[in-house]
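Here's the letter readout for the chains.
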Number of protein chains: 2
Amino acid sequence: MARKNYAKPLGVKDSVIKGAFWRNFMELARTQVIPYQWEALNDRIPDAAPSHALQNFRIASGLEQGEFYGFVFQDSDVAKWLEAVAYSLATCPDAPLEKLADETIDLVVSAQQPDGYLNTYFIINGLEKRFTNLRDNHELYCLGHFIEAAVAYRQATGKDKLTKALCKYVDLVDATFGAEAGKKRGVPGHQEIELALVKLYQLTGDEKHLRLATYFINERGSRPFYFDGEHPNGSTGHTYHQSHLPVREQKVAIGHAVRALYMYAGMADVARETGDETLLSACSTLWEDVTRKQMYITGGVGATHHGEAFSFGYDLPNDTVYAETCASIALVFFAQRMFSINPKGEYMDVMERALYNGIISGMSADGKSFFYVNPLEVVPEACEKDRGKHHVKAARQKWFGCSCCPPNLARMLTSLGSYAYAKRGDTLYVNLFAGGSVDTVLDGGKIALDMETDYPHKETVTIKIREAFAGATLAVRMPAWCEGFQLTCKNIETCDIKDGYAYLRGVAEGEEISITLPMPVEMIHAHPSVRENAGKVAVQRGPVVYCLEEADNGRDLHRIFLTGDVDFATGYDADFFGGAVKIKAVGQRLSPEENDALYRKGLPQTQSEDAVLTWIPYYLWANRAVGEMTCWINYK
Amino acid sequence: MARKNYAKPLGVKDSVIKGAFWRNFMELARTQVIPYQWEALNDRIPDAAPSHALQNFRIASGLEQGEFYGFVFQDSDVAKWLEAVAYSLATCPDAPLEKLADETIDLVVSAQQPDGYLNTYFIINGLEKRFTNLRDNHELYCLGHFIEAAVAYRQATGKDKLTKALCKYVDLVDATFGAEAGKKRGVPGHQEIELALVKLYQLTGDEKHLRLATYFINERGSRPFYFDGEHPNGSTGHTYHQSHLPVREQKVAIGHAVRALYMYAGMADVARETGDETLLSACSTLWEDVTRKQMYITGGVGATHHGEAFSFGYDLPNDTVYAETCASIALVFFAQRMFSINPKGEYMDVMERALYNGIISGMSADGKSFFYVNPLEVVPEACEKDRGKHHVKAARQKWFGCSCCPPNLARMLTSLGSYAYAKRGDTLYVNLFAGGSVDTVLDGGKIALDMETDYPHKETVTIKIREAFAGATLAVRMPAWCEGFQLTCKNIETCDIKDGYAYLRGVAEGEEISITLPMPVEMIHAHPSVRENAGKVAVQRGPVVYCLEEADNGRDLHRIFLTGDVDFATGYDADFFGGAVKIKAVGQRLSPEENDALYRKGLPQTQSEDAVLTWIPYYLWANRAVGEMTCWINYK
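Every chain's residues receive numbers from 1 upward, in the order its sequence appears when written. Written order determines the labels here, with chains lettered from A and ligands numbered from 1. Since the coordinates come from a predicted model, pLDDT governs what is reported: local features require at least 70, and pairs of side-chain atoms require 80 or more to be given and counted, while whole-chain, interface and lining totals use all residues. Calculation of side-chain values draws on the structure's entire complement of heavy atoms; hydrogens and water are dropped beforehand.

Caption draft 1: Just the overall build of chain A, in detail. Scanning chain A from terminus to terminus reveals 19 helices and 25 strands. Over its C-alpha trace chain A gives a radius of gyration of 25 Å, about what one expects of a compact globule, namely 26 Å for 636 residues. For chain A, buried positions account for 63% of its 636 residues. Whether two residues touch is decided by their heavy atoms; if any such pair falls within 4.5 Å, the residues are in contact. In chain A, 69% of the contacts between residues at least 6 apart in sequence involve partners at least 24 apart. Per element, the accessible surface of chain A, about 22000 Å² overall, is 49% carbon and sulfur. Each helix is a run of DSSP H or I of at least 4 residues and each strand a run of E of at least 2, with the numbering of both proceeding from the N terminus. As defined in this context, the radius of gyration uses C-alpha atoms, and a globule is described by 2.2 Å times the residue total to the power 0.38. Accessible area is worked out with a 1.4 Å probe on protein chains only. A residue is then buried under 20% of its type maximum, exposed over 50%, and partly exposed in between. All accessible areas in this document rest on Shrake-Rupley with a 1.4 Å probe, and a residue is counted as covered only by the protein chains that are shown.

Written out as structure tokens, the structure reads:
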């Protein structure tokens, strides 16, 4: 693998998303989530548990007196807020917000210890305990999030106060942990720092940062287990944080899904930067296990609440699912890194699946409430009365004690432009179809374009080249879900189809590329090894997975079924939460029974009545009254 | 309701079960479970957590030094063992076993305090804490079990040392708790003492015992909540132990299933003994809710592991089910009491369903291992890898830390004769079809009969009257599952059909009654509101529910389906765990797919191949290699 020749995501400033679909979400992140989280960080949300995160920094820096409060990883909330702010400032300059961020960075840095250490829990509670419980105490996780924030803030504003402070902290970590004699062979209990260190390395060019990331990846799972040394009296199990085996020997995704996917992303980063083929091979094996055996149709991952974890291949229960919003975001991180090494459509297909379904389902249409868990089937009474489903909520929640998902969504949405495109050599990859513009530099020169589309509502995309150098290549993704992809243009030297992309070589200024992505409504079935979906279909249009909600279809959704050829009709409803395509079809509903016996002889009831069914996009579910929802529908 | 004119269960000595089917189970209880539990109570089981239950009594009585060990309800294990021993001695005299039991009773009584108190946890740990935490500490529950043991032992052996001691303890409880001024208005956290006190009342005739039972029933759920007074700093919720409402206002079964059903049984006892129609009405409402909305086809109850509890109507998940063996046993207690008040077949139909399915499934065919949880669908990998199903075991366990189910099974099986028949006035009710004999006294005189049958394997039953008085009536149950019930006899005055019974008036010595219960294999479907069974059928023959096991049918049982008319064939396999009827039919199995994509366009795969399927009785599952099992099968 050519170490420098990889497909880099575009900088946030180089790609501006303007189209209504994503702009709406991005604006919610900017105008709702970021300000709300600022209030939360300052403990100003009525009736909510205090965050205390900024107060912890004030106490740690000696500005105020008091005790640490919150989770041991409370610092990371400040970091995620800063990262989202950085992306937001990059595309929407906002002087008061930048001033807030600067002051926050001043506060954070003011708590830093002379040797570089920076974690309020241990600064307040006693530095002698620092780095003694990497398994549980999230120190390296918090550092990782601060590194990501610092890099983003440096790129957005040019200001390097936070990166400099964190480089000093990284030096301390590097002096403390490593394979060299005299260092502790520690690894983080919650992976995240690995991918963050590679981001830092990309900014600084300092090989030490890459070496430290590589050390954490290589050391993980080696024996004797470091965590057992920390905890001689008992282990919580090593699979939970993927430390049961050296990472190159891990063949199936297991344990806490967010930890796993952050780690896989970090593994891919290190594999790319170091040219490590065995590590890349492990990434590919894990990618296939996740996406071919353990991923919901929504791009959700993590089949079980217990340990917020993967369970095993084809085990995808729809109602006891976890599918944490953060896990789907982490899946996008992994997809983006795999794509960077090997630009194939399959990685971006998964990214698109997660983005349009299981990620944005995490936020309400007004940006004010959030799902941790993104179920594919909900019966509210079951969520309420069976504690085995208590983790599945039928309504989004305002905020969380452990508030990882809302800020993670915020940083994902505010940086979406960098996911929409990538560049390698003379080629610009178009990975998402989202109205907006690109102004960036490839090998060979500048390229600028504008994209217009109402995707995913409409099937057409127009790309106009504003500026290009001779020989510039545009690689347009041809989604795997799309049959009959059409592309027309005026003057292109060659058009090659490869790995899910149309490579248009020699795009020139004034070129106008028209793309049609036919979006008939499709019934989708799952691999027959998926027990929970046996005899069921899901409905998808373009990249968007649909669901039936009680609000449109009444109760007892399990009594609804489809049969024969189904004639789907689509209609755009401009008033439906900012506009969405609804789907209608005539299905069947089992007739009410007169007999109320619990068990009866004979075959299951088959008498049914026509029922006009209405599907809405899954990502819009639970924006109306609390009710049943299902993605998978019986087919007979 | 006529207080004295009710259908009493037969005494254990009056009804001897000799037929192979039940005799096998009863012998396992006698020869395996009782001796094994004795070893357990004496901490002599290698590799098992010690019970310490007898040692607690030795310490409490001052015979030995040491500390209390075990659950706060550890005493009840001794009580259940004694109760099972009592029933066993009643039909199988065994001098060494009786000596052991006598010595155990001596030990138990030697720990009794001068004021009658008898609970080793508080005797050892400090009597000042006694009766201060009825919600959690099971004192009245343990007393209830000892009362049941004492009554059984008195009836089996005529010895009254334990009943006398317990009457003294009951006096103390009666002086402490009650509605009268100066008493605490306590109720038990784990119901059980209510039904036990009614048994004691039936033995002693002492109205005080009935009054105390009535008090506990009437006081429950009254405000202010007694448990809140005990626990001013927080409640664990009142539904868990059915103390959220006065019992007469409870309309749906909720909370811990064993607690609930012991309570409902006690409510029915009190309603019967006091002629309380409002209480009986509450019992009927709860009976209907349990049996028409919250009962598995196996007679299992308790849909959720969390709180070992009922969830809500028609919520009957097959794979995350609880369906504790003890809960089905408690359902039989409730059924028996409802029948005693109003001798209708529907109560005994439920009893039979539980006995032949979800109760005896709790024990292995060798009597050496046990299920707490009796699932209707098992995929072993899911039980292992999804902690949400960890409570569901794919193999029976040797013994349990909390060993309620094995001894509960033992006392149920050793007293089965008393469930098989009941008597009221001049009528003997035949409730179970089990080879054996009856010698008892009705109003009017003695009646004696012998029953011969290979039920449930075979369809025929013969009852020979050995002795009868003029006008004696035999009421033979006509199971609701049975169509084409036939009965022939020689000289009967009248035969009336009522409430699921054939009342044969004027049976006389020498009468021979031949009964045929046709047992075609039936496909059964669930009420369409049961989400988990939509489009599925179960297979039943006679009272026995069948299942598919991996051992006979391979893996991926969810890929098997039935279609069209199914031609079932039955065959008796004498070598199959003591003999059982197996069922075979040709079904379909989805063909293997070449494509391994997780999600694909189009309708679910329909290509399938003929598959010869073999069903075994559900109660015999998990006696071979660990593997998948399902009761409910897709039907297309």
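Still more ground to cover, so stick around.
Caption draft 2: Structural context of unusual backbone geometry. Residue and element names in this part refer to chain A. A cis amide bond links arginine 223 to the next residue, proline 224, at an omega of -5 degrees. Relative to the elements of secondary structure, proline 224 occurs in the loop between α10 (207-219) and α11 (226-230). Positive phi values are uncommon outside glycine, yet glutamate 308 reaches one of about 45 degrees. The topology assignment puts glutamate 308 in the loop between α13 (277-293) and β4 (309-310). According to the relative accessible area criterion, glutamate 308 is partly exposed, its value standing at 24%.

Caption draft 3: Representation of helix α9 (residues 193-204) of chain B in the model. Residue and element names in this part refer to chain B. A rise of 1.5 Å per residue sets the reference length of α9, with its twelve residues, at 16 Å; its end C-alpha atoms lie 16 Å apart and thus fit the reference within 8%. When α9 is considered as a whole, its buried residues turn out to be Ile193, Glu194, Leu195, Ala196, Leu197, Val198, Leu200 and Tyr201. Packed against the buried residues of α9 are α7 (139-157), α8 (161-176), α10 (207-219), α12 (257-274) and α14 (325-341). One or two steps after α9, the chain reaches glycine 205, where phi turns positive at roughly 70 degrees. Given a helix with a known number of residues, its expected span is that number minus one, times 1.5 Å.

Caption draft 4: Layout of empty space enclosed by the protein. A pocket here means an open set of points on a 1 Å grid, computed over the protein atoms alone, that has protein on both sides within 12 Å along at least five of seven lines. A cavity is instead a set of points where a 1.4 Å probe fits but cannot get out; residues with an atom within 4 Å of a point line either one. Grid points are joined across faces, edges and corners, and a volume is the space filled by probe spheres set on the points. A full pass over the atoms with the stated rule returns eleven cavities of 30 Å³ or more. Lining the largest cavity are 13 residues, with Pro528, Asn533, Ala534 and Gly535 of chain A together with Pro604 of chain B positioned closest to its centre. Three categories are distinguished: nonpolar for Ala, Val, Leu, Ile, Met, Phe, Trp, Tyr, Cys and Pro, charged for Asp, Glu, Lys and Arg, and polar for the others, with Gly belonging to the last. Across the lining of the largest cavity, the residue classes break down as six nonpolar, five polar and two charged. Partitioning the lining of the second largest cavity into residue classes produces five nonpolar, four polar and three charged.

Caption draft 5: Up close: the side chain of asparagine 56 of chain A. All names here are of chain A. Within the secondary structure, asparagine 56 sits in helix α2 (residues 53-60). The term polar contact refers here to a pair of N or O atoms within 3.5 Å; inside protein, the definition further demands a hydrogen-donor-capable atom paired with an acceptor-capable atom, and it admits residues adjacent in sequence only when both atoms are side-chain atoms. Engagement of the side chain of asparagine 56 in a polar contact is seen with the side chain of histidine 52, the distance being 2.7 Å. Polar side-chain contacts of asparagine 56 include one of 2.9 Å to the backbone oxygen of tyrosine 69.

Caption draft 6: The interface of chain A and chain B, seen in detail. Chain A puts 60 residues into the contact, and the matching count from chain B is 61 residues. Buried surface at the junction of chain A and chain B, summed over both partners, amounts to about 5100 Å²; 59% is from carbon and sulfur atoms. Accessible area that two parts lose when put together, evaluated with a 1.4 Å probe and summed over both, is termed the buried area. When the buried surface of chain A facing chain B is broken down by residue, Leu598, Tyr599 and Lys601 of chain A rank first, second and third, together holding 17% of it. Salt bridges are defined by distance alone: a side-chain nitrogen of Lys or Arg within 4 Å of a carboxyl oxygen of Asp or Glu. Inspection of the chain A/chain B interface yields four salt bridges. At the junction of chain A and chain B, the tally comes to 24 residue pairs in polar contact (both at pLDDT 80 or more). Counting only elements with at least two residues in the side of chain A that touches chain B, the list comes to α13, α16 (380-385), β16 (521-526), β17 (536-541) and β22 (599-601) of chain A. It is β16 of chain A that contributes the most residues to the side of chain A that touches chain B, five residues altogether. Considering only residue class, the side of chain A that touches chain B consists of 24 nonpolar, 15 polar and 21 charged. Pairing between strands is defined by DSSP: at least two bridges between them are needed. Pairing of β22 of chain A with strand β16 (residues 521-526) of chain B involves three bridges; the strand directions are antiparallel.

Caption draft 7: Molecular detail of the sheet that holds strand β9 (residues 445-453) of chain B. Residues and elements named next belong to chain B. Pairing within the open sheet is antiparallel, and its six strands lie in the order β2-β8-β9-β10-β15-β12. The outermost strands of the open sheet, each flanked by one partner alone, are β2 (15-17) and β12 (486-488). Across the sheet, the mean angle separating the axes of adjacent strands is 15 degrees when strand polarity is ignored. In this sheet, β9 lies alongside strand β8 (residues 436-442) in antiparallel orientation, the contact comprising seven bridges. The residue bridging serine 437 from the neighbouring strand is aspartate 450, located in β9. In this description, a line fitted to the C-alpha atoms serves as the axis of each element, helices being fitted only across the stretch in contact, and the angle between N-to-C directions of two axes falls anywhere from 0 to 180 degrees.

Caption draft 8: Up close: the pairing of strand β9 (residues 445-453) of chain A. Residues and elements named next belong to chain A. The turn joining strand β8 (residues 436-442) and β9, which pair antiparallel and follow one another in sequence, is formed by two residues; a positive phi near 115 degrees is taken by glycine 444. Alignment of β9 against strand β10 (residues 460-467), held across six bridges, turns out to be antiparallel. Residue methionine 451 lies in a different strand from β10, and its bridge partner there is isoleucine 463.

Caption draft 9: Quick peek at the layout of surface pockets. All names here are of chain B. Roughly 880 Å³ of internal volume is contained in the second largest pocket. Taken together, 38 residues make up the lining of the second largest pocket; nearest its centre are Pro9, Leu10, Gln155, Lys199 and Gln202. Breaking the lining of the second largest pocket down by element, the ones donating at least two residues are β1 (8-9), α3 (75-91), α7, α9, α12, α14, α17 (405-414) and α18 (416-420). The element best represented in the lining of the second largest pocket is α9, accounting for six residues. Classifying every residue of the lining of the second largest pocket by side-chain character gives 17 nonpolar, eight polar and 13 charged.

Caption draft 10: Region of the structure containing the relation of the copies chain A and chain B. Only residues with pLDDT of at least 70 in both copies contribute their C-alpha atoms to the least-squares superposition of the copies. Of the transformation superimposing chain A on chain B, the axial component is 0.0 Å and the angular component is 180 degrees, with the fit at an RMSD of 0.0 Å. The transformation just described matches what one would write down for a two-fold rotation axis. With an isologous cut-off of 70% or more, the 100% of interface residues of chain A that recur at the interface of chain B puts this contact in the isologous class.

Caption draft 11: Region of the structure containing the packing of aromatic side chains. Residue and element names in this part refer to chain A. Centres within 6.5 Å are what make two rings of Phe, Tyr or Trp a pair, Trp counting through its six-membered ring; a difference in plane orientation under 30 degrees is then read as stacked, over 60 as edge-to-face, and the rest as tilted. Under the definition given, this model contains 68 aromatic pairs over all chains. Relative to phenylalanine 25, the ring of phenylalanine 21 has its centre 5.5 Å away and its plane inclined at 55 degrees; by these criteria the two rings are tilted. Of this pair, phenylalanine 21 and phenylalanine 25 are both found in helix α1 (residues 20-41), four residues apart, which corresponds to roughly one turn of the helix. The same class applies to phenylalanine 21 as to phenylalanine 25, namely buried.

Caption draft 12: View of the sheet that holds strand β11 (residues 473-477) of chain B. Residue and element names in this part refer to chain B. Spatially, β1-β6-β7-β11-β14-β13 is the arrangement adopted by the six strands of the open sheet, whose pairing is mixed. Lying at the two open borders of the sheet, with one neighbouring strand each, are β1 and β13 (494-498). Note: β1 against strand β6 (residues 421-424), two bridges, orientation antiparallel. Its bridge partner being in β6, proline 9 is matched across the sheet by alanine 422.

Caption draft 13: Expanded view of the pattern of salt bridges. Residue and element names in this part refer to chain A. Per the stated rule, a full pass over the model turns up 76 salt bridges over all chains. For the salt bridge of lysine 183 with aspartate 174, the shortest nitrogen-to-oxygen distance reads 4.0 Å. A salt bridge links aspartate 439 to arginine 466; its shortest N-O distance comes to 2.8 Å. Of this pair, aspartate 439 sits in strand β8 while arginine 466 sits in strand β10, and the two are 27 residues apart along the sequence. Classification of arginine 466 as partly exposed rests on a relative accessible area of 35%. Taken together, the salt bridges that share partners define one network made up of Glu83, Glu148, Lys199 and Arg411.

Caption draft 14: Spotlight on helix α15 (residues 345-359) of chain A. Relative to the 21 Å expected for 15 residues at 1.5 Å per residue, α15 of chain A spans 19 Å between its end C-alpha atoms, a close match to the ideal helical length. Of all 15 residues in α15 of chain A, 14 are buried; the element is thus mostly enclosed.

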